[in-house]
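# Summary of structural features
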Amino acid sequence: QVQLVESGGGLVQAGDSLRLSCAASGRTISTSTMGWFRQAPGKEREFVAAFSRNGVATYYADSVKGRFTISRDDGKNTVHLQMNSLKPDDTAVYYCARRSPWMTSYSSSGAYEYWGLGTQVTVTA
């Protein structure tokens, strides 16, 4: 079965940077669309970024565009999320996910089949 493990979260101040990593078991990243979602306390899970399986396109939520960058390291079966200029509103648990090959949406959580347990990101003012 597929297993995803996130790491790299932490407590930082506004304006700081963090780099999240998602390690996948097996050979699951190179042939799959990978995405990042986040969920703040008391709020719905929201889309953050995605990397297409063919490696030619990336997608970002408007709230993080220009600040976050998603990338993929196929040799290590790892996907990353570089987060710069962090804001308190970015505080959330961040989840790595693998999309189902039968789905076409990048931003819908329902399109993703496998999820990690999440890593906490806290940004203070």
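Above this text is the structure in question.
Below is a summary of the structure that appears in this document. All values derive from a computational prediction rather than experimental measurement.

## As for the pairing of strand β1 (residues 4-7)
Of the two faces of β1, the one lined by Leu4 and Glu6 is fully buried and the one lined by Val5 and Ser7 carries no buried residue. Bridge count for β1 against strand β3 (residues 18-24) is four bridges, and the pairing is antiparallel. Pairing of Val5 across the sheet is with Ala23, part of β3.

## Looking at the state of the cysteines
The full count for this structure, using the stated rule, is one disulfide. Put simply, Cys22 and Cys96 are joined by a disulfide, and their sulfur atoms are 2.1 Å apart. Around the S-S axis, the bridge from Cys22 to Cys96 shows a dihedral of about -75° and counts as left-handed. Taken as a pair, Cys22 in strand β3 and Cys96 in strand β9 (residues 92-99) lie far apart in primary sequence, 74 residues in all.

## Digging into the nonpolar core
Residues Trp36, Val48, Phe68, Leu81, Met83 and Tyr94 are the most contacted members of the largest nonpolar core, which totals 32 residues. Per-element accounting of this core gives the leading share, five residues, to strand β5 (residues 46-51). Aside from chain neighbours lying at most four places away, what touches Leu81 is Leu18, Arg19, Leu20, Trp36, Val48, Ala49, Phe68, Thr69, Ile70 and Tyr94.

## Some details on the packing of aromatic side chains
The geometry of an aromatic ring pair is captured by two quantities: the separation of the ring centres and the angle between the planes. This structure, assessed with the given rule, holds five aromatic pairs. Centroid distance Phe37 to Phe47: 5.7 Å. Interplanar angle 75°. Geometry classified as edge-to-face. With Phe37 in strand β4 (residues 34-39) and Phe47 in strand β5, this pair connects stretches of sequence that are 10 residues apart. With a centroid separation of 5.0 Å and an interplanar angle of 80°, the aromatic rings of Phe37 and Tyr112 are classed as edge-to-face. One end of the pair, Phe37, is in strand β4; the other, Tyr112, is in strand β10 (residues 112-115), and 75 residues separate them in sequence. In textbook terms, an aromatic cluster arises when at least three aromatic residues are bridged by ring pairs, as seen for Phe37, Phe47, Tyr112 and Trp115. One Lys or Arg, Arg45, reaches over the ring of Tyr95 and ends 4.8 Å from the middle of that ring. In this structure, Arg99 is placed above the aromatic ring of Tyr106, and the distance from its NZ or CZ to the ring centre is 4.7 Å.

Conventions we followed
- Residues numbered from 1 in each chain as written.
- Predicted model: local features only at pLDDT ≥ 70, side-chain atom pairs only at ≥ 80, totals over all residues.
- Heavy atoms only, no water.
- Buried < 20%, exposed > 50% of the residue type's maximum accessible area, 1.4 Å probe, protein only.
- Helix = DSSP H or I, 4+ residues; strand = E, 2+ residues; numbered from the N terminus.
- Pairing = 2+ DSSP bridges.
- Disulfide = S-S within 2.5 Å.
- Core = buried A, V, L, I, M, F, W, Y, C linked by side-chain atoms within 4.5 Å.
- Contact = heavy atoms within 4.5 Å.
- Phe/Tyr/Trp six-rings, centres within 6.5 Å; stacked < 30°, edge-to-face > 60°.
- Lys NZ or Arg CZ within 6 Å of the ring centre and 35° of its normal.

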